[in-house]
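Observations on the model geometry
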Amino acid sequence: MPPTLGTNVLGRKVLYLPSFFTYAKYIVQVDGKIGLFRGLSPRLMSNALSTVTRGSMKRVFPPDEMEQASNKDDMKTSLRKVVKETSYEMVMQCVSRMLAHPLHVISMRCMVQFVGREAKYSGVLSSIGKIFKEEGLLGFFVGLIPHLLGDVVFLWGCNLLAHFINAYLVDDSFSQALAIRSYTKFVMGIAVSMLTYPFLLVGDLMAVNNCGLQAGLPPYSPVFKSWIHCWKYLSVQGQLFRGSSLLFRRVSSGSCFALE
């Protein structure tokens, strides 16, 4: 869908890409409301498998019991505890991501079929057969590495930032110190997720790239040799954060990417 001409806060004319609601309205016009739920089944299965995997790992490899820090001095000396907890979370997240990623790939391909009006991927079982036949076992894990890297950077960035803010910036003498500390990790999660968005974008683009669907082939998308090639291309085009905004989506100066 073409961008529209608008003005920014400084009064300058800029091109804006369609918003989330514009895309949703268009999908409903073409496919009906059911079109908004393309890829839902494999996505739900992926989330369920990830949850079950994490729960099973906690039962088989329970985390060590550690006392909770109760004051500022405890917080300053608890870096080792944070590192240990984050390492444990990282292993669980990486294992669950690897097991659930094949279903994520299927979900993404079911979604992007909308672009070319294709029906190559429908049911989960038939999609598994198609991917294995055409791409082999590795076809189920395209885009996995950037997703794993994004998860690792997110966990370490969020936990360490929250720890240092709680330990060194939030004073115990402040009456609302406990309340602030309880929200620090949540706020840091939002901030770090914005920084790790390019990893998710690259991983999702690789999941559909050169898979036989129009959305993953020229002119909609170049054929990428690797996820690093995809990252470099998006970086040059100023598109590493494309799709991260739901409403005000301005076209970057170097953008020439057709597929949104």
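Nothing here was measured: the structure is a model prediction, and the numbers come from that model.

**Description of the overall build of the protein**
- Assigned secondary structure in the protein consists of nine helices and three strands.
- Looking at the protein as a whole, 38% of its 260 residues qualify as buried.
- Working note: accessible area of the protein is about 15,500 Å², and carbon and sulfur atoms make up 66% of it.

**Thoughts on the pairing of strand S2 (residues 13-17)**
- Relative to S2, strand S1 (residues 4-7) runs antiparallel, the two being bridged by four bridges. For leucine 5, the partnering residue across the bridge sits in S2 and is leucine 15.
- Connecting the antiparallel pair S1 and S2 is a turn made up of five residues, with glycine 11 showing a positive phi of about 85°.

**Observations regarding the UniProt feature "transmembrane region" (unreviewed entry) in the protein**
- Per the UniProt record, "transmembrane region" (unreviewed entry) is found at residues 137-162 and 182-202.
- This span, residues 137-162, is 73% helix and 0% strand, and a straight line between its end C-alpha atoms measures 39 Å.
- Structurally, residues 182-202 is divided into 95% helix and 0% strand, and its ends, taken at the C-alpha atoms, are 32 Å apart.

**Focus on the side chain of serine 96**
- Residue placement: serine 96 occurs in helix H4 (residues 79-116).
- One polar contact links the side chain of serine 96 to the main-chain carbonyl oxygen of glutamine 93, over a distance of 2.9 Å.
- Among residues more than four places away in sequence, those in contact with serine 96 are Ser50, Thr53 and Arg54.

**Brief notes about unusual backbone geometry**
- The peptide bond linking proline 218 to proline 219 adopts the cis configuration, its omega dihedral lying at 5°.
- Along the chain, proline 219 turns up in the loop between helix H8 (197-208) and helix H9 (227-237).
- The backbone of arginine 117 sits at a positive phi, close to 55°, despite the residue not being glycine.
- Here the phi dihedral of asparagine 210 falls at roughly 55°; this positive angle occurs in a residue that is not glycine.
- Among the secondary structure elements, asparagine 210 is positioned in the loop between H8 and H9.

**Things to note about the packing of H4 against H8**
- For the pair H4 and H8, the least separation of the axes is 9 Å and the interaxial angle reads 75°. With respect to their mutual orientation, H4 and H8 come out roughly perpendicular. Contacts from His104, Val105, Met108, Arg109 and Val112 of H4 reach H8 at Asp204, Ala207 and Val208.
- Its residues assigned to classes, the contact of H4 with H8 comprises five nonpolar, one polar and two charged.

Cut-offs and rules
- Residues numbered from 1 in each chain as written.
- Predicted model: local features only at pLDDT ≥ 70, side-chain atom pairs only at ≥ 80, totals over all residues.
- Heavy atoms only, no water.
- Helix = DSSP H or I, 4+ residues; strand = E, 2+ residues; numbered from the N terminus.
- Buried < 20%, exposed > 50% of the residue type's maximum accessible area, 1.4 Å probe, protein only.
- Areas by Shrake-Rupley, 256 points an atom, 1.4 Å probe, with all protein chains shown as cover.
- Pairing = 2+ DSSP bridges.
- UniProt positions renumbered as here; feature names shortened; annotations may be inferred.
- Polar contact = N/O pair within 3.5 Å; in protein donor to acceptor, adjacent residues only side chain to side chain.
- Contact = heavy atoms within 4.5 Å.
- Axes fitted to C-alpha atoms, helices over the stretch in contact; angles between N-to-C directions.
- Parallel < 35°, antiparallel > 145°, perpendicular 65-115°, else oblique.
- Nonpolar A, V, L, I, M, F, W, Y, C, P; charged D, E, K, R; others polar.

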